[in-house]
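Structure at a glance
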Amino acid sequence: MKNLPTPPKYPGHLFRWFCKEDIYAELEGDLREEFYQHVEKFGIKKANAIYRKEVLRMIRPSILKSFTGHTLHTNQTAMIKNYTLVAVRNLQRNKLFSAINVFGLSVSMAVALVTITFVSEIDSFDTFHEKRDRIWRVNNYRQLENGEVNPYATTSLFTGQYLRDEFPGIEKVAQVYNSLYGDVTKDGETHPLRGYFASEEFLDVFTFPLLYGNAETALKEPFSLIVTESAALRIFDRKDVVGEILNRSDKPYKITGVLKDIPKNSHLQFQALASLTTYQTSERGKGALSDWTNMWSSYAYILLPEGTDESQAQGWLNQLAENQNSKAPRFQIELGIESLASIFPGDGKFNQISIVLPRDNVNSMVILTLIVIFSACFNYANLSIARSLKRAKEIGVRKVVGARKSQIFTQFITEAIMVTVLSLGIAYLLFRLIRPEFLELNFYISRTLTLELTSNIYLKFLLFAVLLGFLAGMVPAIMMTRFKTINSLKGVKSLGITRGLSLRKILIGIQFTLSMGFAILVTLAYKQYKYALNFDLG
């Protein structure tokens, strides 16, 4: 047995810790015997893995020892109650300290609440489509004579039709032509109506539920029209309007379906869809079907079969581009695909089908929020460390009567979380005040976002407050648990935290750096904003 390896150390320690003493020796011997057998049969690596699994399987009521009365375990409910009570008393006793922390955290948390709502709404865009993971948009990349490449969200009608006809590996192609705008008339009354010409696969690719009508045939015939329920109520004062006629450009369109209103978190925003065959049968549309270079107003979305890699689809697009560019050497176009999730926020492509918030705006907002939050955390840590000098003897007495480091750590973390939860209430009120102003901050935000609150976002607010409390209180909590008992009882001078380059001085330096950086960024942004408003256009 001397030459045989020993079982893994830590699982063995765990088993000794939880197993009843009267059966430990017998069970441990069985585990060790099976381990040696597995070493001879499978090798040391697999034997170790089996041993770990067997130890975990031993965690059963019949094997677990009783921990009642164990000195390392106390009543958790009583401990939490005690931590909370002490935290409340400390906050009441130090009103100025508490007020400064709550106010500072409230302001920074209000900014964070705006960002949480902002980012959550952005992340929700186009997530309601059932096939969203398989939907890709075909983009054009036009190479100019000077070598510059301009990215476009559009592509030609020819491209969509070619992909549909020549590449059976693509499950469906939904084409959209962005020129359904203007007025429609009904019984002599004129109504504005905005939307797209869409191919009949549109409702198969995207999840826009029909309230009335047949999704399979609604966009099949020329001069077919689908309207949203809001448009139907505005024009007809009722929703079920299938079969009604609307006149557009002196031509009758038959309503073949009524859609549920389009969610606000969709990059496709419209009031109506007309069949693409309507446009294709026009003189202008017939020419566009064969024109590779007419890429300015049409869009193509492809639905890939499950399990198909996007690189394979990119290969098909490269093949198409190479073939067509040889026929039009002065108009070089490369094709690329973009996942549905990447469309909003966007990366600056031309000819977006609707207003798309630039991704740089999102990144800037997140960075500024992080600066504000970290500055608030450092401020809390500095004030807590300064106040810890007054609480040194309290910590020393706690340790003398048997308090462990983990208990002291939990005490200070509890206080920090209570402060952030209190701050959350004030931050929420500030959030309500600044939300309307934030929505008017720039053109993109005002046109695309609403910052509506949902139960999920309220939960994120609460989790954020708890996490922030943990982060803000962690540094002072760790520092206070490291105080030696005898030095804590002797007084402040014995702790030695004010000598040399202390942690507190480092935190103060970082806090000032972040504050100055934030002030500089805000000043630059404000001056740029004023310059844009007052720029003389001639």
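Residues numbered from 1 in each chain as written. Predicted model: local features only at pLDDT ≥ 70, side-chain atom pairs only at ≥ 80, totals over all residues. Heavy atoms only, no water.

Considering the nonpolar core
Met109, Leu113, Phe118, Leu357 and Phe464 are the most contacted members of the largest nonpolar core, which has 38 residues in total. Among the secondary structure elements, those contributing two or more residues to this core are α5 (95-123), α12 (359-388), α14 (405-439) and α16 (455-481). Looking at this core element by element, the count peaks at 10 residues for α5. Residue contacts for Phe464: discarding those within four places in its chain leaves Met109, Ala112, Leu113, Ile116 and Ile373. In terms of nonpolar packing, the next biggest core, distinct from the first, is built from 25 residues, Ala153, Phe270, Leu340 and Ile343 among them. (Core = buried A, V, L, I, M, F, W, Y, C linked by side-chain atoms within 4.5 Å. Buried < 20%, exposed > 50% of the residue type's maximum accessible area, 1.4 Å probe, protein only. Helix = DSSP H or I, 4+ residues; strand = E, 2+ residues; numbered from the N terminus. Contact = heavy atoms within 4.5 Å.)

Considering helix α8 (residues 229-236)
Every buried residue of α8 is accounted for by Glu229, Ala231, Ala232, Ile235 and Phe236. Along α8, the residues classed as buried sweep out an arc of 160 degrees about the axis, all on the same side. Packed against the buried residues of α8 are β4 (183-186), β5 (189-192), β7 (210-213), β8 (224-228), β9 (245-248) and β10 (251-259). Of the residues flanking the end of α8, it is Asp237, one or two places downstream, whose phi is positive at about 65 degrees. (Arc of directions from axis to C-beta.)

Overview of the packing of aromatic side chains
Following the criterion strictly, the structure yields 30 aromatic pairs and no others. Judged by centre distance (4.1 Å) and plane angle (20 degrees), the ring pair of Tyr177 and Tyr279 falls under stacked. A residue pair is termed long-range when its members are at least 10 positions apart, and Tyr177 in strand β3 (residues 172-180) and Tyr279 in helix α9 (residues 276-280) qualify at 102 residues. For the residue pair Tyr177 and Tyr279, the accessibility class agrees, reading buried in each case. (Phe/Tyr/Trp six-rings, centres within 6.5 Å; stacked < 30°, edge-to-face > 60°.)

With respect to the side chain of Thr155
Inspection of the secondary structure puts Thr155 in the loop between β2 (149-152) and α6 (157-166). Its relative accessible area of 0% is what places Thr155 among the buried residues. A distance of 2.8 Å separates the side chain of Thr155 from the side chain of Asn140, its partner in a polar contact. (Polar contact = N/O pair within 3.5 Å; in protein donor to acceptor, adjacent residues only side chain to side chain.)

Thoughts on the pattern of salt bridges
What the rule picks out here adds up to 13 salt bridges. Among the ionic pairs, Glu28 bridges to Arg32, the shortest N-O distance being 3.1 Å. Of the two residues, Glu28 and Arg32 are both situated in helix α2 (residues 21-42); the distance of 4 residues between them amounts to about one turn of the helix. With a relative accessible area of 31%, Arg32 lands in the partly exposed category. Salt-bridge contacts for Arg137 lead to Glu338; the nearest nitrogen and oxygen are separated by 2.9 Å. Taken together, the residues Arg137 in strand β1 (residues 135-143) and Glu338 in strand β13 (residues 332-339) connect sequence positions 201 residues apart. By relative accessible area, which is 8% here, Glu338 ends up buried. Taken together, the shared-partner salt bridges connect Arg137, Glu338, Asp347 and Lys349 into one network. (Salt bridge = Lys/Arg side-chain N within 4 Å of Asp/Glu carboxyl O.)

Brief notes about α2
For α2, built from 22 residues, the straight-helix expectation of 32 Å at 1.5 Å per residue is met to within 8% by its first-to-last C-alpha distance of 31 Å. Listed as buried for α2 are Tyr24, Leu27, Glu28, Leu31, Phe35, Tyr36, His38 and Val39. Note on α2: the residue one or two positions beyond its end, Gly43, has a positive phi of about 105 degrees. (Expected span 1.5 Å × (residues − 1).)

Quick look at the pairing of β10
With 3 bridges joining them, β7 and β10 adopt antiparallel strand pairing. Residue pairing in the sheet places Tyr212 in a bridge with Val258 of β10. Of the strand pairs in this sheet, β8 and β10 are connected by 5 bridges, and their pairing is parallel. Residue pairing for β10: Leu225 is matched across the bridge by Ile255. Bridge count for β9 against β10 is 4 bridges, and the pairing is antiparallel. Looking across to β10, one finds that Arg248 is bridged to Lys251. (Pairing = 2+ DSSP bridges.)

Thoughts on the pairing of β9
The two faces of a sheet get side chains in turn, since along a regular strand they alternate between them. Side-chain alternation along β9 places Leu246 and Arg248 on a buried face and Ile245 and Asn247 on a face that remains uncovered. A loop of 2 residues connects β9 with β10, the two strands running antiparallel in sequence, and Ser249 in this loop sits at a positive phi of about 55 degrees.

Notes on the packing of α5 against α16
Two elements in contact, α5 and α16, have axes whose closest approach is 10 Å; the angle formed by their N-to-C orientations is 140 degrees. Classed by the angle they form, the pair α5 and α16 counts as oblique. Considering the relative orientation of α5 and α16, their crossing is right-handed. Listed contacts from α16 to Leu105, Met109, Ala112, Leu113, Ile116, Thr117 and Ser120 of α5 are Ile457, Lys460, Phe461, Phe464, Ala465 and Leu468. (Axes fitted to C-alpha atoms, helices over the stretch in contact; angles between N-to-C directions. Parallel < 35°, antiparallel > 145°, perpendicular 65-115°, else oblique. Left-handed = near helix turned anticlockwise from the far one by under 90°.)

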